[in-house]
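Understanding the architecture of this molecule
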Amino acid sequence: MDSKYSADAVAVARSLQVFTSIYTSMATFWIYDYVCSIREEGVFLLCSHWNRVKFLYVVTRYVPFFLFVAHLYLNFVPDETSDTCQFVNNICSTFSLVSIVCSECFLILRTYALWNSNKVILAAMLSTFAAVIVGSMVALFSATATAPFETSSILGITGCYQSSGSVRLFVPFLLLFGLELMLISLTLTCAVRNWCTTDSRLYVVILKHNLLYYACGLFFSTVNVLTSLLLDYAYSGMFQDFQFIIHAMLATRMHLHMWHADRNRDCNTLDSISLTQFAPAPYIEQA
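Residues numbered from 1 in each chain as written. Predicted model: local features only at pLDDT ≥ 70, side-chain atom pairs only at ≥ 80, totals over all residues. Heavy atoms only, no water.

1. Observations concerning the environment of Val 132
- Note on placement: Val 132 falls in helix α5 (residues 119–146).
- In the structure, Val 132 is positioned 42 residues away from Leu 174 in sequence and 9.4 Å away in space, judged by C-alpha atoms.
- Discounting chain neighbours no more than four positions away, the residues touching Val 132 are Leu 175, Leu 176 and Leu 179. (Helix = DSSP H or I, 4+ residues; strand = E, 2+ residues; numbered from the N terminus. Contact = heavy atoms within 4.5 Å.)

2. Some points on the side chain of His 247
- Residue placement: His 247 occurs in helix α8 (residues 240–265).
- Given a relative accessible area of 2%, His 247 falls into the buried group.
- Non-local contacts of His 247, meaning those with residues more than four positions away in its chain, are made with Ile 100, Ser 103, Glu 104, Leu 176, Glu 180, Tyr 213 and Gly 217. (Buried < 20%, exposed > 50% of the residue type's maximum accessible area, 1.4 Å probe, protein only.)

3. A short note on the pattern of salt bridges
- Under the definition given, this model contains three salt bridges.
- The salt bridge partner of Asp 33 is Arg 61, with a shortest N-O separation of 2.9 Å. In this pair, Asp 33 sits in helix α1 (residues 7–36) while Arg 61 sits in helix α3 (residues 52–76), placing the two residues 28 residues apart along the sequence.
- Accessibility expressed as a relative area gives 3% for Arg 61, which makes it buried.
- Among the ionic pairs, Arg 61 bridges to Glu 41, the shortest N-O distance being 2.8 Å. Placement of the pair is Arg 61 in helix α3 and Glu 41 in helix α2 (residues 38–47), with a sequence separation of 20 residues. Grouping residues by exposure puts Arg 61 and Glu 41 together as buried. (Salt bridge = Lys/Arg side-chain N within 4 Å of Asp/Glu carboxyl O.)

4. A look at the packing of aromatic side chains
- Under the definition given, this model contains 13 aromatic pairs.
- Their ring planes at 45 degrees and their centres at 5.9 Å tell us that Phe 19 and Tyr 23 sit as a pair that is tilted. Within this pair, Phe 19 and its partner Tyr 23 are both found in helix α1, separated by four residues, close to a single helical turn.
- For Phe 19, a relative accessible area of 12% puts it in the buried group.
- Aromatic pair Phe 65 and Phe 66: ring centres 5.5 Å apart, planes at 80 degrees, arrangement edge-to-face.
- By relative accessible area, Phe 65 is classed as partly exposed at 43%.
- The class of Phe 66 is partly exposed, set by a relative accessible area of 44%.
- Each member of the aromatic cluster is reached from another via a ring pair, and the members are Phe 19, Tyr 23, Trp 30, Tyr 34, Tyr 62, Phe 65, Phe 66, Phe 68 and Phe 95.
- Sitting over the ring of Phe 44, Lys 54 keeps its end group 5.9 Å from the ring centre. (Phe/Tyr/Trp six-rings, centres within 6.5 Å; stacked < 30°, edge-to-face > 60°. Lys NZ or Arg CZ within 6 Å of the ring centre and 35° of its normal.)

Okay, structure coming up:
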């Protein structure tokens with residue numbers, strides 16, 4: 001960097017470059033994952049019947065595409081104004097919220113199935129989930145509305161960041177951490193209760209998938225809380241959308257794997273995994 005720029009300007013520029021590199025890497029990783037699973041996904045989309053779960057899959061799978069388009073535009077198009085940054089960032093925040101809500105819905109349905117469709121458990125999960133969504137929306141959009149966006153003063157450095165007030169963006173991830181902690185506790189409780197009495201392979205697959213998803217959620221939520229509180233400039237938000245992308249990829253990959261495993265086991269019994277078919281396999285075996 002030219003010595004005529006201040007240390008603060010250089011730090012801002014470097015943070016924006018790191019942020020852009022991370023986002024470009026995320027987009028590359030997402031495209032790679034899509035290419036690797038395009039055959040299996042094509043079979044699923046063509047051979048399964050349309051229902052609420054399939055619609056949830058499509059939304060969860062393809063919303064990140066629009067998130068990447070909007071964010072990469074924000075990262076690479078020069079001469080953004082503060083108003084433009086705020087407008088595009090609000091669009092990105094909306095896509096991020098839709099993505100994480102759909103991903104969590106998958107895992108809430110799976111946890112509900114593990115508890116043999118217990119209505120009390122479902123009510124507890126949905127009420128907590130609704131509180132997390134409302135709290136996250138309030139924290140997210142109030143932070144972006146009051147915190148001004150700034151760009152780098154160094155020529156050739158694109159992108160923008162929130163210069164102040166973005167510390168409040170840790171709140172959605174703290175709420176998400178609490179939700180994941182509740183869901184992994186329910187999953188572990190169910191596993192302890194039924195481990196010796198359930199030999200269903202589908203049940204074991206759902207259990208392992210849930211634990212992996214929640215472990216990743218707890219880890220990335222912790223990382224994002226810490227980066228939001230401790231780091232400055234664009235560094236504070238560099239892993240936020242990365243968590244949402246990982247959640248979406250895990251949720252859709254797990255559903256795709258389970259659908260193909262069930263289809264290969266008995267093609268004549270099921271052509272899709274519906275809400276009730278997330279439950280343990282004895283219901284299928286008696287059909």
